[in-house]
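Observations on the three-dimensional arrangement
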Amino acid sequence: MLKETEIWSPSKKLSPRIKRLRDEYWNFEKRDYFRNEAISYTTGTPWDTTWIQHNFASAPELLVYGNAVEDSFNAMAVRVDLPEGFWDEPQIVRQALFFQNVLKLIPVQILEGDLIAGAHFAVAQSLCLNQAEAADWKARDAGYMKRMKRFIDLGIGTTGPIPGHLVPDYPKPLRIGFKGIKEEAEKELKRAVEQEKKDFLRAVIICCEAVKEFTHRYAEEARKLAEAESDAKRKGELLEMARICDKVPWNPAGSFWEAVQGVWFTHMLCNIAESYIGAGLSHGRFDQYMFPYYDKDIKEGKLTRDQAKGILECFWVKHNYAYDYFGLHLGRQGITSGYGQLMTISGLGPDGKDATNDLSWLLVDVIEEMNLLEPKTNIRIHKDTPDDFLMRLVESINRCKGGSPSLLNFDSICVKALEWEGLSHEEALDYGVVGCLENTSQGNDRSGTVDVNVNLAKPIELVLNNGKDVLTGEQIGPETGDPASFKTFDEFLNAYKIQLKNCLRLLIELNMDFDTLRATYEGVPYLSAIVGDCIKKGKDVNAGGPKYNFTTVEGVGIATATDSLAAVKKLVYEDKKITMQELAQAIKTDFIGNEKLRQMLINDAPKFGNDDDYVDLIGRDISRFWSEEVFKYQAPVSGRRFRAGYLSWNYFIDWAPKTASTPDGRVRGTYLSNGVQPVQGRDKSGPTASLKSVAKLGFDVTPNGASCVIQLSPSSLRDKEHLKKLASLLRAFDILGGTALMTNVIDSATLREAQKNPEKYLNLLVRVTGYSAYFVTLGKAIQEEIIARTEHAM
């Protein structure tokens, strides 16, 4: 069992400045100077809406409180003074004007000792609909939400038009500034013929101008603080901050400090513009586009490595204020690391060579020392990753146990899969990672990476019950016949695919309806300004403007489905130890009175995760089937294409009671398998065998990537020799064709002790799926799922 002193905790290397900023952030209840709690802004019309429930469809646990939250936001909303002629403008221009005026009202604060300005970004804004538009939007949304909640209640899946979850073109404002972006839009406006395009470009221009006005407010605040500052060093810092805020991101950045400040302003304004705090809004390859500024300043003697580190650490703290959104309602500021403001580090460059640089190394130091959940970090690994850099990552994994670096991505298969979906080779090499682990093109893709989530175990229930939900009796899928009439396993498998295909259709068709609604009424002209091709096309980011426009369908429970199908094949059709009637009846009664049969299903059928082709190739078959199936769909208005991925979020818990018992021996209410890892505790042949099974799923047609968490015993990494073994395992996973890997270095004894004495383990971070969380803040069901995972030795 780990000792308390071995649990990841803040580094003693932090400077007094950074330690104070970090400690202030954690003292939410005692803070009286600043809280980034949501402020809603309204046009003042009686039909206005400031908080949109369908934006949170990927977190169905929040929808229970949806109506109350919506009413509360509307009731507490600040009325914005509207400019003359506001209601005569087209809606997209109204949205831009409203955004411009909201930026004049948002509180402006600079924290004591901070080197990066920009504090309040938790905002809920009006859609600026007139009465007729609002009536249409609300009627259509209500119908779609009713369908969505039915799918959630039946355990089929979730779907919705989720904001965030993309990599904006953050380097663009660094290169040309929003002044340059405005000029680009003005040139397109002069050439535009269609009125809709003209309206959109006007909206973009208004948003660019709003950026300049907003950052000037911070410059004025910095000058005001400087006038009252008695410490000469701090006065100098504040005056320099004022100069920088006057400059970026309206103008191009010229130094590292300016570039970091410019990125933060651009990032926080994305949060404000979408009224969606942090989730999935990611930085892309930060070490690549920031390195020229860092390198230039270092070489010219204008910056030391320690100074760069201090600037980055201030930048680091700021992302975590996203969690203030839930500060008064959930313990520990509601933290589950769900926001996923991801930063991609290292990997292959556009020339196909390793792109690791000195800033990559510095960022790993910052990640490890800060002990914060945001920004989440992804390290790209490939065959030419330098040995010393890989060992540095392995050492950090060992020190941080379940924290950072939070994710490792593997370039070999990720690049291949992104090319499969249509990216050029150069674009695929330069991919960024969104939110939890989702691969995407940088700066030119709307990339809704969590919009659709499907329960891959549900179709087995439907096959065994002729398309009906076992609990409710509702006919969900087509009648595929009495399973007892199937003569071969291939017939059973074909019925499974028919039911799965129907579940996908239900979810994707609803998502396309939501997408049409969003394209019609939910534009984001500010975000459109920094997503490639929107200005050129004259279309909003939500209406088909980006160069690429992908939506991900995330599969959940692949190992549960695979093990179940393997059990049917082995025990019903081959060994004939169980009849189909016996199996179907046991499933309906949740194995009550059939424990002997359940144990046979658990112990006598092969299990995914043990490098056994018998079961692994069944998983590959169904994985490739549904991955290729979803790619056939395209949204009619925005043109969005659907692609496959694996990210379980918390659905493997949420859908457990809504999914009947399964032929792998799982009882209704027991969690489904998580990500693409084996069913909890079923991978008994070691970590290499487990990862070989995972890689056989065939991720070359899964562009989004696939969540895989492996649990290692702390003793496995006890010395340098064992750390090298982990490094070798990582290289092997890249060769095998894995897409992403996350680690927990923890033992079940420590987790049980944390359950008993949570106050002693407040800093214990664990990897859940695509996100990390403080173990003691998790619900009991998720805690038990983590404890049940196989603890591998190296």
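Residues numbered from 1 in each chain as written. Predicted model: local features only at pLDDT ≥ 70, side-chain atom pairs only at ≥ 80, totals over all residues. Heavy atoms only, no water.

**Some points on the packing of aromatic side chains**
In this description, a pair of aromatic rings is defined by centroid distance and the angle of the planes. For clarity, the threshold we go by: Centre distance within 6.5 Å is the pairing criterion for rings of Phe, Tyr and Trp, where only the six-membered ring of Trp is used; planes under 30 degrees apart are then read as stacked, over 60 as edge-to-face, and the remainder as tilted. In DSSP terms, a helix is any run of H or I states spanning at least four residues, a strand is any run of E spanning at least two, and both are numbered starting from the N terminus. Here the term buried applies to any residue with accessible area under 20% of the maximum for its type, exposed to any over 50%, and partly exposed to those in between, with areas from a 1.4 Å probe on protein chains only. Our definition puts a charge over a ring when NZ of Lys or CZ of Arg is within 6 Å of the ring centre and also within 35 degrees of the ring normal.
According to the stated counting rule, one finds 28 aromatic pairs in the structure shown. With centroids separated by 6.3 Å and ring planes inclined at 75°, the aromatic side chains of F214 and F265 adopt a geometry described as edge-to-face. Note that F214 is positioned in helix α7 (residues 195-228) and F265 in helix α9 (residues 256-274), a separation of 51 residues in sequence. Accessibility expressed as a relative area gives 0% for F265, which makes it buried. The interplanar angle of 20° and the centroid separation of 6.3 Å between the aromatic rings of Y548 and F550 together place this pair among those described as stacked. Taken individually, Y548 and F550 each receive the classification buried, so the pair is uniform in this respect. Taking the ring centre of Y431 as reference, the NZ or CZ of R380 above it sits at 3.9 Å. The aromatic ring of F631 is capped on one face by R641, whose charged end is 4.3 Å from the ring centroid.

**Regarding the pairing of strand β14 (residues 709-712)**
Going by this rule: Two strands qualify as a pair provided that DSSP identifies no fewer than 2 bridges between them. Call a crossover right-handed when, viewed with both strands pointing away from you, the route from the first strand across the helix to the second goes clockwise.
Of the two faces of β14, both are covered, the one formed by V709 and Q711 as well as the one formed by I710 and L712. The pairing of β14 with strand β15 (residues 740-745) spans four bridges and is parallel. Along β15, the bridge assignment pairs V709 with M742. Regarding topology, helix α26 (residues 720-736) serves as the crossover connection from β14 to the parallel β15, and that connection is right-handed. Direction of pairing for β14 relative to strand β18 (residues 791-792): parallel, over a ladder of two bridges. Counterpart to L712 in the pairing with β18 is H792.

**Section: unusual backbone geometry**
The peptide bond linking V248 to P249 adopts the cis configuration, its omega dihedral lying at 0°. Relative to the assigned elements, P249 resides in the loop between α8 (232-247) and α9. Of the consecutive residues E374 and P375, the connecting peptide bond is found in the cis state with omega at -10°. With respect to the secondary-structure elements, P375 resides in the loop between α12 (358-370) and β7 (377-381). Positive phi, close to 50°, is recorded for S275, a residue that is not glycine. Structurally, S275 can be placed in the loop between α9 and β5 (284-285). For S275, a relative accessible area of 14% puts it in the buried group. Although it is not a glycine, N371 adopts a positive phi angle of roughly 55°. Tracing the chain through its elements places N371 in the loop between α12 and β7.

**Quick word on the sheet that holds strand β2 (residues 78-79)**
The parallel open sheet is built from three strands, whose spatial order is β2-β1-β3. This sheet does not close on itself; its edge strands, each paired only once, are β2 and β3 (123-125). Two strands pair when backbone bridges link them, and strand β1 (residues 39-42) and β2 are joined in this way by two bridges, in the parallel orientation. Bridging across to β2, T42 finds its partner in R79.

**Some thoughts on helix α13 (residues 387-400)**
For the record, the criterion: One less than the number of residues in a helix, times 1.5 Å, gives the span that helix is expected to have. The contact criterion used is simple: two residues touch if any of their non-hydrogen atoms lie within 4.5 Å.
The end-to-end C-alpha distance of α13 is 20 Å, a good match for the 20 Å that 14 residues give at a rise of 1.5 Å each. Here α13 lies mainly inside the structure; ten of its 14 residues are buried. Where α13 is concerned, the buried positions are F389, L390, M391, R392, L393, V394, S396, I397, N398 and C400. Those residues of α13 that are buried are in contact with β6 (343-346), α12, β7, β8 (407-410), α26 and β15.

**Points about the packing of α12 against α13**
Selection rule: Every angle, taken between N-to-C directions, lies between 0 and 180 degrees, and every axis is a line fitted to C-alpha atoms, over only the stretch in contact when it is a helix. Orientation is classified from the angle alone, with under 35 degrees giving roughly parallel, over 145 giving roughly antiparallel, 65 to 115 giving roughly perpendicular, and any other angle giving oblique. Only Asp, Glu, Lys and Arg are considered charged, only Ala, Val, Leu, Ile, Met, Phe, Trp, Tyr, Cys and Pro nonpolar, and every remaining residue, Gly among them, polar.
As a packed pair, α12 and α13 sit with axes 11 Å apart at the nearest point and diverge in direction by 5°. The angle between α12 and α13 places the two elements in the roughly parallel class. Of α13, the residues touching α12 (which contributes S360, W361, V364, D365 and E368) are D388, F389, R392, L393, S396, R399 and C400. Residue classes in the contact of α12 with α13 are distributed as five nonpolar, two polar and five charged.

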